[in-house]
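Overview (structure and organization)
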Amino acid sequence: MAFDSIFKPDLFAGQTIIVTGGGSGIGRCTAHELAALGAHVLLVGRKSEKLKKVAAEIIADGGKASWQACDIRDEEAVTQLVGQLIKDHGPIHGLVNNAGGQYPAPLASINQKGFETVLRTNLVGGFLMAREVFNQSMSQHGGSIVNMLADMWGGMPGMGHSGAARSGMDNLTKTAAVEWGYAGVRVNAVAPGWIASSGMDTYEGAFKALIPTLREHVPLKRIGTESEVSAAIVFLLSPAAAFISGSTLRIDGAASLGSRAWPLHKAQHSASFNGFHRAGLPDVLKGED
């Protein structure tokens, strides 16, 4: 079995691409697809065990992958990490700023430490990675950066810390696209909606009970797949997107559009795409149609 990508097999041959948060979920899927398309994927995250496992999967599938544990919220650690990756693997051609995390909580109960931790994880860390990759490598030869956002367009009730961080990353994406365009560096973002990923199994309580019902609030009447996000990231990294920069691509089945006043009809012809041969359904969705 191999990743069933719609892109040509040698699309990223000879390129080195960093994927942060590559040890699970969308990051893992994206790393697999990039490797299947010829890239040498550099997996970055906090947990060595997860990174090592994904790298082994990619190598077993015939791809190239290396890994390095790092807390991307630590400025000095990020500077050293990027320098070491360049020393070991050469120029960085692409960066997928996927690492992130949050927890459900109303604003009134989020303390300063919790708020700042989520911002550092979802915004500051991505900024540090992008800055160092640009300064140490891409400023000299060009490249492409894809940042990870979320469906926060109507606010993010229950996860206001994450919404603030993701909104900030949207603006940071636009700013970086303008400032770094002269060097041939494109900066874009993807904003997934509800995606059937392992991250869904990290939630508990009321939010966990809500997850199986989310599809009813999507015009396409389903939850997205990791492959559908990965394909969008691959496109933005590819030469086909050579004149796209400063854009955020929503991958949410139109869930962020419309209003509650417009009724959503039953699903009829909504087909999904899943090219990831190692994908697994989150436990919270098992047993659902």
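Residues numbered from 1 in each chain as written. Predicted model: local features only at pLDDT ≥ 70, side-chain atom pairs only at ≥ 80, totals over all residues. Heavy atoms only, no water.

Another point: the packing of aromatic side chains. Two descriptors summarise a pair of aromatic rings, namely the distance from one centre to the other and the angle between the planes of the rings. According to the stated counting rule, one finds three aromatic pairs in the structure shown. Measuring from ring centre to ring centre gives 5.5 Å for F3 and F276, while their planes differ by 25°; the resulting arrangement is stacked. Taken as a pair, F3 in the segment before strand 1 (16–20) and F276 in the segment after strand 9 (248–251) lie far apart in primary sequence, 273 residues in all. Here the two residues F3 and F276 agree in accessibility, since each one is buried. Seen in terms of ring centroids, F134 and W180 are 4.3 Å apart; in terms of plane orientation they differ by 5°. Their pairing is stacked. (Phe/Tyr/Trp six-rings, centres within 6.5 Å; stacked < 30°, edge-to-face > 60°. Helix = DSSP H or I, 4+ residues; strand = E, 2+ residues; numbered from the N terminus. Buried < 20%, exposed > 50% of the residue type's maximum accessible area, 1.4 Å probe, protein only.)

Another aspect to go through is empty space enclosed by the protein. Following the criterion strictly, the structure yields two cavities of 30 Å³ or more and no others. Space inside the largest cavity adds up to approximately 50 Å³. The wall of the largest cavity is formed by N97, G126, F127, A130, N147, M169, L172, A176, W180 and V187. Mapped onto the lining of the largest cavity, the elements with two or more residues apiece are helix 4 (112–141) and helix 5 (160–180). If one sorts the elements of the lining of the largest cavity by residue count, helix 5 sits on top with four residues. Of the pockets and cavities examined, the second largest cavity occupies roughly 40 Å³. As for the second largest cavity, its lining consists of T20, N97, A99, T121, N122, G126, M148, R166 and M169. Here the element with the most residues in the lining of the second largest cavity is helix 4; it accounts for three residues. For the lining of the second largest cavity, the residue count by class is three nonpolar, five polar and one charged. (1 Å grid on protein atoms, 1.4 Å probe; cavity = no way out; pocket = protein on both sides within 12 Å on 5 of 7 lines; lining within 4 Å. Points joined across faces, edges and corners; volume = space filled by probe spheres on them. Nonpolar A, V, L, I, M, F, W, Y, C, P; charged D, E, K, R; others polar.)

Here we take up the pairing of strand 1. A large share of strand 1 lies buried, amounting to five of its five residues. Here strand 1 shows a buried face lined by T16, I18 and T20 and a second buried face lined by I17 and V19. Bridge analysis of strand 1 against strand 2 (residues 40–45) gives five bridges, and the strand direction is parallel. Looking across to strand 2, one finds that V19 is bridged to L43. Viewed along the sheet, the connection from strand 1 through helix 1 (residues 25–36) into strand 2 turns out right-handed. (Pairing = 2+ DSSP bridges. Right-handed = clockwise from strand over helix to strand, strands pointing away.)

This next bit is on the sheet that holds strand 1. With respect to topology, seven strands assemble into an open sheet ordered 3-2-1-4-5-6-9, the strand pairing being parallel. If you trace the sheet from one side to the other, it starts and ends with strand 3 (64–69) and strand 9, each paired once. Across the sheet, the mean angle separating the axes of adjacent strands is 20° when strand polarity is ignored. As paired strands, strand 4 (residues 94–97) and strand 5 (residues 143–148) are joined by four bridges and run parallel to one another. Pairing of V96 across the sheet is with V146, part of strand 5. Across the sheet, helix 4 is in contact with strand 1, strand 4, strand 5 and strand 6 (185–192); its angle to strand 4 comes to roughly 175°. (Axes fitted to C-alpha atoms, helices over the stretch in contact; angles between N-to-C directions. Contact = heavy atoms within 4.5 Å.)

Attention now goes to the UniProt feature "domain: Ketoreductase" (unreviewed entry) in the protein. Feature annotation in UniProt assigns "domain: Ketoreductase" (unreviewed entry) to the following positions: residues 15–197. What you have in residues 15–197 is 50% helix and 20% strand, and the ends, taken at the C-alpha atoms, are 27 Å apart. (UniProt positions renumbered as here; feature names shortened; annotations may be inferred.)

Let us now look at helix 5. Between its first and last C-alpha, helix 5 extends 30 Å over 21 residues, near the 30 Å set by a 1.5 Å rise per residue. Restricting attention to buried positions, one finds in helix 5 the residues G160, H161, S162, G163, A165, R166, M169, D170, T173, A176, A177 and W180. Elements in contact with the buried residues of helix 5: helix 4, strand 5, strand 6 and strand 9. (Expected span 1.5 Å × (residues − 1).)

This next bit is on the pattern of salt bridges. For the structure shown, the criterion picks out eight salt bridges. For D71, the salt bridge identified is with R73, shortest N-O distance 2.9 Å. Between E132 and R131 there is a salt bridge, and its shortest N-O distance comes to 3.0 Å. Just as E132 is buried, R131 falls in that class too. (Salt bridge = Lys/Arg side-chain N within 4 Å of Asp/Glu carboxyl O.)

A separate point is the environment of S139. Of note, S139 is situated in helix 4. A relative accessible area of 27% places S139 in the partly exposed class. A sequence separation of 43 residues divides S139 from Y182, and the C-alpha atoms of the two residues are 8.8 Å apart. Apart from the residues within four sequence positions on either side, S139 is in contact with F134 and A183.

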